[in-house]
Amino acid sequence: MAKSTTNESNSVAADLVDFLNTSPTAFHAVDEAKRRLEIAGFERISEREEWKLEVGKKYYFTRNHSTIVAFAIGEKYVAGNGIYIVGAHTDSPCLKLKPISKVTKGGYLEVGVQTYGGGLWYTWFDRDLTVAGRMILREEKDGSTSYSHQLVRVQEPIIRVPTLAIHLDRGVNDGFKPNTQSHLVPILATAIKGELNKDATENEPVGKAKSDNQKHHPLLLKHLANYAGCDADNICDFELQACDTQPSIIGGAMKEFVFSGRLDNLCMSFCSLKALIDATSSESSLEDETGVRLVALFDHEEVGSNSAQGAGSPVLLDALSRIANSFSSNFQIIKKTIQRSFLVSADMAHALHPNYMDKHEENHQPKMHGGLVIKHNANQRYATNSVTSFLFKEIARKHNLPVQDFVVRNDMPCGSTIGPILASGVGIRTVDVGAPQLSMHSIREMCAVDDVGHSYEHFKAFFEDFSHLDQKISVDA
């Protein structure tokens, strides 16, 4: 019987739903993470400044406002000791607005989008969508100009991608294969109604250079400006994406599921963040800790992690180096630190689907309510090995938490995540895990309430126990 009670799991899942509903984009997820960390006493630091760290203190920093790293330094930490990490990612497959999104055809105003990641794009049709993301705003004050980064989220549904009626496509049920360039274009309004709200910027004098605002429908800019509390002319640029307006919710006849978008991978991001906060919340939490407890939530996992803020960047290695070097002038100390550190790469896993059971290998069928799934792959698509798997399972055994194993069928390709990227790039011991879910990469996914609780408890136990457990195993000594 798992340690987690139903009430505890329900409480954690309800908190997850709140997190999801405030996090339509990676930018918003990082913003909500910042808010929670600051309430918990984490101090903001900047990669652009010198770090003056102290034992027993808690810190965080962001990169691009879409990646966030938070850590708590044990009171018995000395340079060269291990750093114990749970890594996840903040991004999910979605439709991102093009640099020039203004599309007009057939009497409609449409919004040009590009596909991000490997989404199940057919699930985006006939959904009530809106837009959210970040904008760069121009601010004029006392004769000087400055620029600010501001998050925005239009609350009401303003765009939609309609399907074609079956009467005009009789073979659609034999296979719906939309062309993502021509068919996956959200409608914003009819052109005739859009004319009624035409912005004055459309009537600029002849010969004036085309402004950025002419790259997008004035009606869209008007909505953005209303929510940002600014003039449309002051919107210099933006990174926006289409978002589902249906809120995340706990559902099922027994209220045992979470129905939501972006469970991959905000579920793991949330569970690791909450685990770190709660594992460092009391005054005595770090008294006997000899290491550093750290969460790293990266952007751009869904597109390969190769960016300045992705797991393929130096962001994690930079953080580990700066932590270690804050307590030692020996710049070789990071090598010792890495070999004593450990990474839990947390990304959602594929639960057994009752209608497609042949897609799972017979002996490896992760189930809902079965706890975190340890992912294995002989070809290193996952970074798990027998040592890292054992250590993670031993924490589960000690706390009476369920755990499962997964390998992909030999006749199917295997996905991957940040685990192998960080294991090979940093040289850190790694185990790849994830909570089981269905409908991965759909606009609406589902996982089990119990597994949210199991994940949180497992990560929290990892932070609290790993430094002691790691002393009991010897491999390369």
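Before reading on, note that the structure itself is shown above.
Residues numbered from 1 in each chain as written. Predicted model: local features only at pLDDT ≥ 70, side-chain atom pairs only at ≥ 80, totals over all residues. Heavy atoms only, no water.

K.L.:
With reference to specific residues and values, describe the packing of helix H1 (residues 6-21) against helix H2 (residues 26-39).
P.N.:
The description of two packed helices rests on the angle between their axes and on the distance between the axes. For the pair H1 and H2, the least separation of the axes is 9 Å and the interaxial angle reads 130°. Regarding the angle of H1 to H2, the classification is oblique. Across the interface between the two elements, Asp15, Asp18 and Phe19 from H1 touch Ala29, Glu32, Ala33 and Arg36 from H2. For the contact of H1 with H2, the per-class residue count stands at three nonpolar, no polar and four charged. (Axes fitted to C-alpha atoms, helices over the stretch in contact; angles between N-to-C directions. Helix = DSSP H or I, 4+ residues; strand = E, 2+ residues; numbered from the N terminus. Parallel < 35°, antiparallel > 145°, perpendicular 65-115°, else oblique. Contact = heavy atoms within 4.5 Å. Nonpolar A, V, L, I, M, F, W, Y, C, P; charged D, E, K, R; others polar.)

K.L.:
Which residues make up the packing of aromatic side chains, and what are the values?
P.N.:
Scanning all chains against the criterion turns up 13 aromatic pairs. In this structure, Lys274 is placed above the aromatic ring of Tyr456, and the distance from its NZ or CZ to the ring centre is 5.4 Å. Of note, Arg322 hangs over the ring of Trp51, and the distance from its end group to the ring centre comes to 4.3 Å. (Phe/Tyr/Trp six-rings, centres within 6.5 Å; stacked < 30°, edge-to-face > 60°. Lys NZ or Arg CZ within 6 Å of the ring centre and 35° of its normal.)

K.L.:
Tell me what's going on with the environment of Phe125, and back it up with residues and numbers.
P.N.:
By the secondary structure assignment, Phe125 is in the loop between strand S6 (108-116) and strand S7 (129-141). Phe125 sits in the buried class, given a relative accessible area of 8%. With near-sequence residues (within four places) excluded, Phe125 lies in contact with Val161, Pro162, Thr163, Phe176, Pro178, His183 and Leu184. (Buried < 20%, exposed > 50% of the residue type's maximum accessible area, 1.4 Å probe, protein only.)

K.L.:
With reference to specific residues and values, describe the pattern of salt bridges.
P.N.:
One pass over the full model with this rule turns up 21 salt bridges. A salt bridge links Arg36 to Asp15, with the nearest nitrogen and oxygen atoms 3.0 Å apart. Placement of Arg36 in helix H2 and of Asp15 in helix H1 is noted, with a sequence separation of 21 residues between them. Its salt-bridge partner being Asp126, residue Arg160 comes within 3.6 Å of it at the nearest N-O pair. Residue Arg160 is located in the loop between strand S8 (144-153) and strand S9 (187-190), and its partner Asp126 is located in the loop between S6 and S7; the two are separated by 34 residues in the primary sequence. The class for Asp126 is partly exposed, based on a relative accessible area of 33%. By sharing partners, the salt bridges in this structure join Asp15, Glu32, Arg35, Arg36, Lys274 and Asp278 into a single network. (Salt bridge = Lys/Arg side-chain N within 4 Å of Asp/Glu carboxyl O.)

K.L.:
Please give an account of the sheet that holds strand S4 (residues 83-89) that cites residues and values.
P.N.:
The nine strands are arranged S1-S2-S3-S13-S4-S14-S18-S16-S17 in an open sheet whose pairing can be described as mixed. A single partner strand is all that each edge strand has here, and the edge strands are strand S1 (43-44) and strand S17 (403-406). The sheet contact formed by strand S2 (residues 58-63) and strand S3 (residues 67-73) spans six bridges and is antiparallel. Across the sheet, the residue bridging to Tyr59 is Phe71, located in S3. Across the sheet, H2 is in contact with S1, S2 and S3; its angle to S3 comes to roughly 20°. (Pairing = 2+ DSSP bridges.)

K.L.:
Could you give an account of the pairing of S4, with specific residues and numbers?
P.N.:
The buried fraction of S4 is high, at seven of seven residues. Residues of S4 alternate between two faces, with Ile83, Ile85, Gly87 and His89 on one and Tyr84, Val86 and Ala88 on the opposite face, all of them buried. Relative to strand S13 (residues 292-298), S4 runs parallel, the two sharing seven bridges. Note that in S13 the partner of Ile85 across the bridge is Leu294. Here S4 runs beside strand S14 (residues 342-346); their pairing, made up of four bridges, is parallel.

Geometric descriptors of this kind do not, in isolation, establish any biological role.
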